[in-house]
Structures are given as structure tokens and as C-alpha cells.
Amino acid sequence: MNFIKWPIISIVCFFIFTFIRLGYCYEVNVHKKITENAIDQNISLLNESLIKIGIPNGVNEYILGQRVRYWIEEGSIKEDEHFSPLVSFRYMNHFYNPLNNSGLADPPFFGMASSYEWGSNHAYNSWTWKLARDHFYNGLTKTTKTERESASANAFRALGQVMHLVEDLASPAHVRNDAHPTGDPYEVWTSANAASLDYSMVPFPYWNVSISPSAPKQFWDLESYDGSMAYDSGYIGLAEYTGANFYSKDTIGIEATYPHPNRLNTNLGDFSLFPTTVITTPDNITHTIFHVSGYGKQHLAALKYFGQEILELPGGDVLMRYKLSLFLDNECHKEYAQFLVPRAVGYSAGLLNYFFRGQIDMVPDPNNSGKYIIKNLSNENMSGTFSLYYDDKIDIRRLITSWENFSINANGHSTPVTFTRPTSPEPKEKGKYILVFRGTQGNEAGAVVARVITIKGEINGRMVVLYDILATSVTVKTKTGPLFASIPTGDFRYAKSVRFDVDDPDTFVVLATHYDCTSNSCSGRYDFHKFFI
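Residues numbered from 1 in each chain as written. Predicted model: local features only at pLDDT ≥ 70, side-chain atom pairs only at ≥ 80, totals over all residues. Heavy atoms only, no water.

(A) Structural detail: the overall build of the protein chain. When helices and strands are tallied, the protein chain shows 13 helices and 19 strands. Within the protein chain, the fraction of its 533 residues that count as buried is 50%. The contacts in the protein chain between residues at least 6 apart in sequence include a share of 61% that link residues at least 24 apart. Of the accessible surface of the protein chain, which amounts to about 24,300 Å², a share of 55% is contributed by carbon and sulfur atoms. (Helix = DSSP H or I, 4+ residues; strand = E, 2+ residues; numbered from the N terminus. Buried < 20%, exposed > 50% of the residue type's maximum accessible area, 1.4 Å probe, protein only. Contact = heavy atoms within 4.5 Å. Areas by Shrake-Rupley, 256 points an atom, 1.4 Å probe, with all protein chains shown as cover.)

Written out as C-alpha cells, the structure is:
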């Protein structure tokens, strides 16, 4: 029994340790650096978005003992964890072929979800785009502060894990169905050189082009590349850019499946045009490496030692000779990274922008007393439910009211709405509310948009325009009519100025002078009178 059992165990262990690296793209150190730079190079816009939803210190705000940026960066690392419920290896679902929208299908692996399906709303994935939206909504609306912080941390982590999937699209193996079970030389090289890679951002100008009702597919694939022409910029998803302009280790010369890069678009026909690199081995032997140029790169591929002889063999399969004569060396990896890593940063930063792209506000309606309008400050239509909340003095978040089945056009506003300002339980900060939208924004179903709003400087819903001081009375003028306040009789005669309570817009104070009747002049004594509307 033991004689039979040990070979089986050995085979199982072989497959476990062989395929433990399968699907790994950039190693975790590179993913972390890409994500850090996507945050840092987009920090002003990101912080502005976070402040508007009540996170005053932006990415440096602490949630559950860690900064917001920690949770995003942690997600970009955790996505490569080995095990997930019902799925042995998460990273087997990190492939996306833009030519047919498929995931990993390199034998013996079949039926893997594409990275877009995996990151969108996959049943076995607990960190999808949809769940990021759900957690984000809960982080804005849950009752207790602890519940809200826990949900917010999960939202930012899930967002980081989806960013990881976008970053993987900048690895040729992950968009060309190259399983690389023994490791990919490109990712090994980038990991070893992580500290010196160029993490400057090449922005993705079409991050706000919503083409899918679920996760933002434009980052993966804008359906521009069909194999006929290799685009290297413009209206193109990251998988399309990478798949059409770069080789992976095992897909050189497979032009029937991957039409580009194509040998006919390189300098392969004239060896005199090959750029060269001279290397010296540790034992002081000098070699000259010849590289194939094309697709905007000097080092598209390297010629093997007998590559020229193989290419010049008569007859046979030309593509097979091409495949056998070329490989990817460190000069190729270095130049590939110069193009791919900045785009991984740029597309990841675009994903952050997309998540927080919605902008809303709520202000008093200038044409209707005591009513308000909700503004859609975004370039996409919104349709769904708008809800208004406030926090009481012990940070319990309470729903004031909701407006369901509301549709507001892009850069438009709602019909007038009303609400009753809460008094019990007493608000933590009077006049401060949280407006939350959940519904369809553009083509995205399940979008969540929020904003902390302040409605102050008003009296019973009427915006203050100015006030008049007339001897023993004060008239506060509003857009909807005057409010009158009379100073008590006695030796107080002249009102001098008015101040409104910044925390309670229904309260204002009048500064008045004492009047000395005998000398017909002010005595220099002042008093304050407080009024409640």
C-alpha cells in the first residue's frame, strides 16, 4: 500500500508546487508599487472624492486602525492569495483574451473565468466590483460607526483587488492565454527589478466610457482590436494594447491565434538592421545578442544562438522556424516594462476615478419656499433611489427620508423635494446630512454615489438674503419673505448687528446698545438678545 501511495503523493505534490505559480502575473511587490503610484499620482482627485463623502483626511484617514490607502494596497496584494472558497487558485481566473473575451484555456486548464467575469460578479469571488459597491453603500448607510468602518474597509480592499486584475492586463502572458506554470520570465524580471521600474503614469483617457452594466469593461476591452490592426494607443482597452503589441514566452510565432505582433511588421527580413546588445558572462566571455525590432520597440524579441540558421532553413513551417529562432531576454523584458508598467499605473488610476466618478449635491430650491433640489453634477444620467441621513450625538446614522424611482439627467437637477429636519434624537451637527444615491448611473447598474451636505444659513427652510436693523427691531429678509424679531422694551434702544448660530440656523443673536436719555448719547453698554425662530 505504501509503495503505491508514495508515487501518487509525489505526483500530487509535483502538480501543487509546479502550478502554485500558474497565473501569477506581476509579483506582489510590483503590484504594490503599481497601486501605490496609482494612488499617489491621482491623489488630489481621490482625496477630493473621499472628503466629499465624509472622509476628511482622504487616503490617510484611519479606518479600523489602518489608512484608507492601506486597504486599497492590501487588496492589490491579497488578490494573488492561493486559496478561495471552491476555487483552488484565485489567479487561475486572472486571464483575459481580448480577441474572444475568454479566460485561461491552455491545456490542461479549461473553463476558467475570464478576469473580467471574475472581477465583475463571480459567485465564488468575495471581492468583486459589485461587492465593492455593496460594501461602499453599507459604509455610507449602516447604523453604527463600527459597521460603517468595517464595510468601508471591505469596499476599499475589494476595489484594490479589482485594480490587481486591471494591472494583470499589462502582462502579455495574461492576455495571450499563456499559463506559464513554471513561471513567466517577464514577471520574474520585473519582480527582481521592482525598485527601478518606471511607475510614471500613462493616463487612460477613456476611463469614463461606460460600456457595461456591471464592472467597467472599458479597462479590459473597448472592442477596438479584432486582430486585423494592432493599435498602440487611443480608444483601446489595456488587454487589447498588451495582446496586440507584445509577445509572451510561449506565444511567439502563433500568428493564427494571435495575429500581432506579426513577423511581417518587423525587421526580420534584413539581419543587417538588427539592433545588437553586447553582454559579458561571469567568466568574462563576450556575446553579441541580436534583437528583432517592431511595434515601436527596439527589443521586440531576441535571436537565439542559432536563430539565423534556423530561419534560413529551406522549406517547412515558416512560423515554426520563427518560433524556434526567437526568445525574450532581459533587454526585451526591460523595454516591455517601460511601456507596460506606466499603463498599468494609468489604467489603475482610471479605475479609481471611475469608482468615485459620481457627483451629487442638494441645495434649497430658490423658487420654492422650504423645498430643495438634488443636483446631478455628473456627465451621466442617474436613475434610482436618493436617501438622506444624519448622525446623532452617539454616531448612530439615521434615515430621514428617501426619494425612490428618481431620474435626474446628466448635469441636471430633480423636481423640488422636502424633508423634515430631525430634532430627536438630536443631531450631532445641526444642518449636516449625508445624501446617498443607489441605482443606475450611465450604463452601470448598482452604482453608488454620495455626498456630505450642509444646509445652514437658513431659517425654517428660507435662505437668508440680508437683514435690516431698525432701532428696536430686526427684520431678517429671506427669498420667501421677511422674518421679524423685536428687542425687549426697556433701556435697550438700538440694534447694532446680527449674528447667526453656525450650528443652529434657527437661532440668531442681536447686539444692541444701551441708550442714555439724559445726554442723548449711547452709554457704551451693550447687550445680546437671542432669538429662536
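(B) The environment of Glu-167, seen in detail. Among the secondary structure elements, Glu-167 is positioned in helix 7 (residues 145–168). Owing to a relative accessible area of 0%, Glu-167 belongs among the buried residues under this scheme. Once you skip the residues sitting within four places of it in the chain, Glu-167 turns out to touch Tyr-26, His-31, Ile-34, Thr-35, Ala-344 and Ser-348. A polar contact is formed between the side chain of Glu-167 and the side chain of Thr-35, at a distance of 2.9 Å. (Polar contact = N/O pair within 3.5 Å; in protein donor to acceptor, adjacent residues only side chain to side chain.)

(C) Layout of the pairing of strand 11 (residues 432–441). Among the 10 residues that make up strand 11, 7 are buried, leaving the element largely enclosed by the rest of the structure. In terms of strand pairing, strand 9 (residues 382–391) meets strand 11 through 8 bridges, oriented antiparallel. Pairing of Met-382 across the sheet is with Gln-441, part of strand 11. With 9 bridges joining them, strand 11 and strand 12 (residues 444–454) adopt antiparallel strand pairing. Each bridged residue has a counterpart across the sheet, and for Tyr-433 the counterpart in strand 12 is Ile-453. (Pairing = 2+ DSSP bridges.)

(D) How the structure looks around the packing of aromatic side chains. Tallying each qualifying case throughout the model produces 20 aromatic pairs. Ring centres of Tyr-186 and Tyr-336 lie 6.4 Å apart, and the angle between their planes is 55 degrees; this geometry places the pair in the tilted category. Remark: Tyr-336 occurs in helix 13 (residues 330–355) and Tyr-186 occurs in helix 9 (residues 185–192); sequence separation between them is 150 residues. Taking the centre distance of 5.0 Å and the plane angle of 75 degrees together, the rings of Phe-355 and Phe-356 count as edge-to-face. Three or more aromatic residues link up through ring pairs in this structure, and these residues are Trp-129, Phe-136, Phe-204, Tyr-206, Phe-219, Tyr-235, Tyr-347, Tyr-354, Phe-355 and Phe-356. A cation over an aromatic ring shows up here: Lys-217 above the ring of Tyr-116, its NZ or CZ 5.8 Å from the ring centre. When the ring centre of Tyr-354 is taken as reference, the NZ or CZ atom of Arg-357 above it lies at 3.8 Å. (Phe/Tyr/Trp six-rings, centres within 6.5 Å; stacked < 30°, edge-to-face > 60°. Lys NZ or Arg CZ within 6 Å of the ring centre and 35° of its normal.)

(E) Inspection of the environment of Gly-442 at higher detail. Of note, Gly-442 is situated in the loop between strand 11 and strand 12. Here Gly-442 falls in the partly exposed class, since its relative accessible area comes to 31%. Sequence separation of Gly-442 and Asn-381 is 61 residues, and the distance between their C-alpha atoms is 5.4 Å. Ignoring anything within four residues of it in the chain, the contact list for Gly-442 reads Glu-380 and Asn-381.

(F) Summary view of helix 10 (residues 238–245). In terms of burial, helix 10 is a largely internal element, 8 of the 8 residues being buried. When helix 10 is considered as a whole, its buried residues turn out to be Leu-238, Ala-239, Glu-240, Tyr-241, Thr-242, Gly-243, Ala-244 and Asn-245. Buried-residue contacts for helix 10 involve helix 7, helix 8 (172–175), strand 5 (297–303) and helix 13.

(G) Seen up close, the layout of surface pockets. Estimates place the volume of the largest pocket at around 700 Å³. Residue lining of the largest pocket: 24 residues in total, with Ile-53, Gly-54, Ile-55, Asp-391 and Arg-397 positioned closest to the centre. Among the secondary structure elements, those contributing two or more residues to the lining of the largest pocket are strand 1 (62–63), helix 6 (129–141), helix 7 and strand 11. The element contributing the most residues to the lining of the largest pocket is helix 7, with 5 residues. (1 Å grid on protein atoms, 1.4 Å probe; cavity = no way out; pocket = protein on both sides within 12 Å on 5 of 7 lines; lining within 4 Å. Points joined across faces, edges and corners; volume = space filled by probe spheres on them.)

(H) Expanded view of the packing of helix 6 against helix 7. Put simply, helix 6 and helix 7 touch, their axes get as near as 7 Å, and they point 155 degrees apart. On the basis of their axis angle, the class for helix 6 and helix 7 is roughly antiparallel. The hand of the helix 6/helix 7 crossing is left-handed. Contacts from Trp-129, Ala-132, His-135, Phe-136, Asn-138, Gly-139 and Leu-140 in helix 6 reach Arg-148, Ala-151, Ser-152, Asn-154, Ala-155, Ala-158, Leu-159 and Val-162 in helix 7. Partitioning the contact of helix 6 with helix 7 into residue classes produces 9 nonpolar, 5 polar and 1 charged. (Axes fitted to C-alpha atoms, helices over the stretch in contact; angles between N-to-C directions. Parallel < 35°, antiparallel > 145°, perpendicular 65-115°, else oblique. Left-handed = near helix turned anticlockwise from the far one by under 90°. Nonpolar A, V, L, I, M, F, W, Y, C, P; charged D, E, K, R; others polar.)

(I) Region of interest: the packing of helix 7 against helix 13. With their axes 9 Å apart at the nearest point, helix 7 and helix 13 run at an angle of 145 degrees to one another. Once helix 7 is placed against helix 13, the crossing between them reads as right-handed. Across the interface between the two elements, Leu-159, Val-162, Met-163, Val-166 and Glu-167 from helix 7 touch Ala-344, Tyr-347, Ser-348, Leu-351, Leu-352 and Phe-355 from helix 13.

(J) Here's a closer look at empty space enclosed by the protein. Evaluation of the coordinates by the stated rule reveals 1 cavity of 30 Å³ or more. Each pocket or cavity is described by its volume, and for the largest cavity that value is around 80 Å³. Lining the largest cavity, in full, are Ser-49, Lys-52, Ile-53, Phe-136, Phe-355, Phe-356, Arg-357, Gly-358, Gln-359, Val-448, Val-449 and Ala-450. Sort the elements by how many residues they give to the lining of the largest cavity and strand 12 lands first, with 3 residues. Class assignment for the residues of the lining of the largest cavity results in 7 nonpolar, 3 polar and 2 charged.

(K) Up close: the sheet that holds strand 11. Ordered by their spatial adjacency, 4 strands build an open sheet running 10-9-11-12, and the pairing between neighbours is antiparallel. Among the strands making up the open sheet, the edge pair consists of strand 10 (397–408) and strand 12. Taking each pair of neighbouring strands and ignoring which way they run, the sheet shows an average axis angle of 20 degrees. The strands touched by helix 6 are strand 9, strand 10, strand 11 and strand 12; relative to strand 12, the strand with the most contacts, the crossing angle is about 25 degrees.

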